[in-house]
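# Chains, contacts and geometry: an overview
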Amino acid sequence: MAEPYKIKMVEPIAVTTREHREKALKKAGYNTFLLDSQDVYIDLLTDSGTNAMSDNQWAGLMLGDEAYAGSRNFEHLQKAVRELYGFKHVVPTHQGRGAENILSQIMIKPGDYVPGNMYFTTTRAHQELNGAIFRDIIIDEAHDSQSEHPFKGNIDLEKLRALIDEVGAERIPYICLAVTVNLAGGQPVALNNIKAVYQLAREHKIKIMMDATRCVENACFIKQREKGYEEKTIKEIVREMFSFADGCTMSGKKDGLVNIGGFLALNDDDLYQKATSLVVVYEGMPSYGGMTGRDMEALARGMYESMDYNFITHRLAQIEYLGDKLDAAGIPIVKPVGGHAIFLDAREFYPQIPQDEFPAQMLAAQLYLQSGVRSMERGIVSAGRDQRGNHYYPKLELVRLTIPRRVYTYAHLDVVANAVIDLYKTRDQVKGLRFVYEPPVLRFFTARFEPLP
Ligand SMILES: *Cc1c(COP(=O)(O)O)cnc(C)c1O
């Protein structure tokens, strides 16, 4: 499917030589997070806040009502959330984690359990900061890079039931249900699974709070893969998904099609009251939270645009296109491809490099060197160390190629695919890395490496 938009404004990107990239990579300590944007040709580090806004959104920026209270742009955002997601109340926040902070504080008591379909880094951090114990209740297939289950984000109802039996429903304030599941590779949740989780939760008076960050991608997968939803619109499917939730946290930087912003949405009046008393401490007035009027306008407009069938089908088609190209060339990738990225399996790419010599980190470095394409390590470096100081050895040792929304064309994806395929041909000559500097926490952001001799 060709791009369902045309280009009105362009941003030149750096076309660099291998010699230039060698210097840049050394300067960055073989860590793609430390590369300067101006040294990167195609930037697939993340799809967070890297979206291209439309002319309609840019026009909306000029209509920002920057009143301290009661901005009309807040009304527009509220209308979008009510109409598209179906929740009654909305509290704007500076981004997704701002909403996670408030939700966790108003709902969690120390010693509570919060089950989720895998975890997201910031979501779990806020739950734990408020004294909750996180439990992963995703289906086993999600942890298997070779399973082709169409809904690898689904919750395992038996795991949920077992947790309720073990700790009691009164110690589970809510189930955190992410649609799609980022860390499983952008894998979707089926509507029949959402319904079944809702029924079980209602029987036990447990609330469901969704992570709505990637809800449009999830809806498109439902339309493509779940029986009975082929003829429904994306808007209808999104509404139905959220009809089984009590609220959601949202990062506008993903499916909201903006560069910054987010919100907490709730149905319950009491919870909303509590949220408004906290948002003034951490973000700002309940009618702007962490956002400017113009940013709320851009987000409201982005939410409507994200429901467009052509937009979201093209987005998923781009990811599938890159996945198919790599797969056809025999490159080991995680399957089925998810909603926002392709994951290369670095263990199979460089079987000669032991995991503690950082095969995925090296693969990301080599890909940059080869082509100027920036990707991200998601393996042992990202996993960090345990309390005794030993590396965690995650099952999956991956490199993530994340596709920003409406930014790159198929020709760019061809460059990416060809670079990976070229690297694969010379893979047996490559050795691993060792640390030159290792920070104590979240080491992947700022660690520095050098190649082993
Ligand atoms: C990005 C993301 C978040 C956090 O949102 P921020 O805007 O980065 O704070 C939460 N959940 C998921 C699934 C995400 O992808």
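Note that this is a predicted model, so its numbers are computed, not measured.

Definitions and limits used
- Residues numbered from 1 in each chain as written.
- Predicted model: local features only at pLDDT ≥ 70, side-chain atom pairs only at ≥ 80, totals over all residues.
- Heavy atoms only, no water.
- Helix = DSSP H or I, 4+ residues; strand = E, 2+ residues; numbered from the N terminus.
- Rg over C-alpha atoms; globule rule 2.2 N^0.38 Å.
- Areas by Shrake-Rupley, 256 points an atom, 1.4 Å probe, with all protein chains shown as cover.
- Lys, Arg positive; Asp, Glu negative; His and termini not counted.
- Charge placed at Lys NZ, Arg CZ, Asp CG, Glu CD.
- Salt bridge = Lys/Arg side-chain N within 4 Å of Asp/Glu carboxyl O.
- Buried < 20%, exposed > 50% of the residue type's maximum accessible area, 1.4 Å probe, protein only.
- Pairing = 2+ DSSP bridges.
- Axes fitted to C-alpha atoms, helices over the stretch in contact; angles between N-to-C directions.
- Contact = heavy atoms within 4.5 Å.
- Near = heavy atom within 4 Å.
- Polar contact = N/O pair within 3.5 Å; in protein donor to acceptor, adjacent residues only side chain to side chain.
- Nonpolar A, V, L, I, M, F, W, Y, C, P; charged D, E, K, R; others polar.
- Parallel < 35°, antiparallel > 145°, perpendicular 65-115°, else oblique.
- Left-handed = near helix turned anticlockwise from the far one by under 90°.
- Core = buried A, V, L, I, M, F, W, Y, C linked by side-chain atoms within 4.5 Å.
- Domains from an automatic or database assignment.

Turning to the overall build of the protein, a few remarks are in order. What the protein contains, in helices and strands, is 16 helices and 14 strands. Since a compact globule built from 453 residues should have a radius of gyration of about 22 Å, the 22 Å found for the protein is in line with a globular shape. Projected onto its principal axes, the C-alpha positions of the protein cover 60 × 55 × 45 Å. Summing over all exposed atoms, the protein offers an accessible surface of approximately 19,100 Å²; the carbon and sulfur share of this is 52%. Charged side chains of the protein number 53 positive and 59 negative; the gap between the two group centres comes to 2 Å.

A word on the pattern of salt bridges. One pass over the structure, following the stated rule, counts 30 salt bridges. Across the salt bridge formed by Arg315 and Asp47, the nearest N and O atoms sit 3.2 Å from each other. Highlighted residues: Arg315 in helix H12 (residues 309–328) and Asp47 in the loop between strand S1 (42–43) and helix H2 (55–61), separated in sequence by 268 residues. As far as burial versus exposure is concerned, Arg315 and Asp47 are alike and both buried. Measuring nitrogen to oxygen at the nearest pair gives 2.9 Å for the salt bridge that ties Arg434 to Glu450. Of this pair, Arg434 sits in strand S13 (residues 433–437) while Glu450 sits in strand S14 (residues 448–451), and the two are 16 residues apart along the sequence. Under the relative-accessibility criterion, Glu450 is labelled partly exposed at 33%. In the salt-bridge network here, residues are joined through shared partners; they are Asp47, Arg214, Glu217, Asp255, Arg315 and Arg405.

What follows concerns the sheet that holds strand S9 (residues 341–345). Strands sit in the order S9-S12-S11 across an open sheet of three strands; the sheet is antiparallel. The sheet terminates laterally at S9 and strand S11 (376–378), the two strands that pair on one side only. This sheet shows a mean twist of 35° between the axes of neighbouring strands, independent of strand direction. Of the pairings in the sheet, the one linking S11 to strand S12 (residues 398–402) comprises three bridges and is antiparallel in character. Looking at S12, one finds that Met376 is bridged to Arg400. On the sheet, helix H14 (residues 359–371) packs against S9, S11 and S12 and is oriented at approximately 40° with respect to S12.

The ligand sits among 13 residues. The nearest are Gly96, Arg97, Asp211, Ser251 and Lys254. Take Gln95: an N or O atom from its side chain is 2.9 Å from an oxygen atom of the ligand. Taking Asn182, its side chain carries an N or O atom lying 3.0 Å from an oxygen atom of the ligand. Considering the ligand on its own, with 380 Å² of exposed area, one finds that the protein chains cover 96% of that surface. Residue composition of the shell around the ligand, grouped by class: one nonpolar, six polar and six charged.

Running from amino to carboxyl end, H12 crosses helix H16 (residues 410–425) at an angle of 25°, the nearest separation of the two axes being 9 Å. Accordingly, the angle class assigned to the pair H12 and H16 is roughly parallel. As H12 runs across H16, the sense of the crossing is right-handed. Counting all contacts with H12, which are made through His314, Ala317, Gln318, Tyr321, Leu322, Lys325 and Leu326, the residues of H16 involved are Tyr410, Leu413, Asp414, Val416, Ala417, Val420 and Ile421. Taken together, the residues of the contact of H12 with H16 sort by class into ten nonpolar, two polar and two charged.

Our next topic: unusual backbone geometry. Cis geometry marks the peptide bond from Val179 to Thr180, where omega comes out at -10°. Residue placement: Thr180 occurs in the loop between strand S5 (174–178) and helix H7 (191–203). In this model, Tyr30 sits at a positive phi of 55°, which is unusual for a non-glycine residue. Looking at the secondary structure, you find Tyr30 in the loop between helix H1 (18–27) and S1. Even without being a glycine, Leu257 presents a positive backbone phi close to 60°. Locating Leu257 in the fold gives a position in the loop between strand S7 (247–251) and strand S8 (262–266).

Moving on, we come to the nonpolar core. Core analysis: the largest hydrophobic core is formed by 65 residues, its most contacted members being Tyr85 and Phe263. Residue assignment places this core across two domains, with domain 1 (18–47 + 309–451) and domain 2 (55–306) each supplying three or more. Within the second largest apolar cluster, 50 residues are counted, among which are Tyr30, Ile331, Val337 and Ile353.

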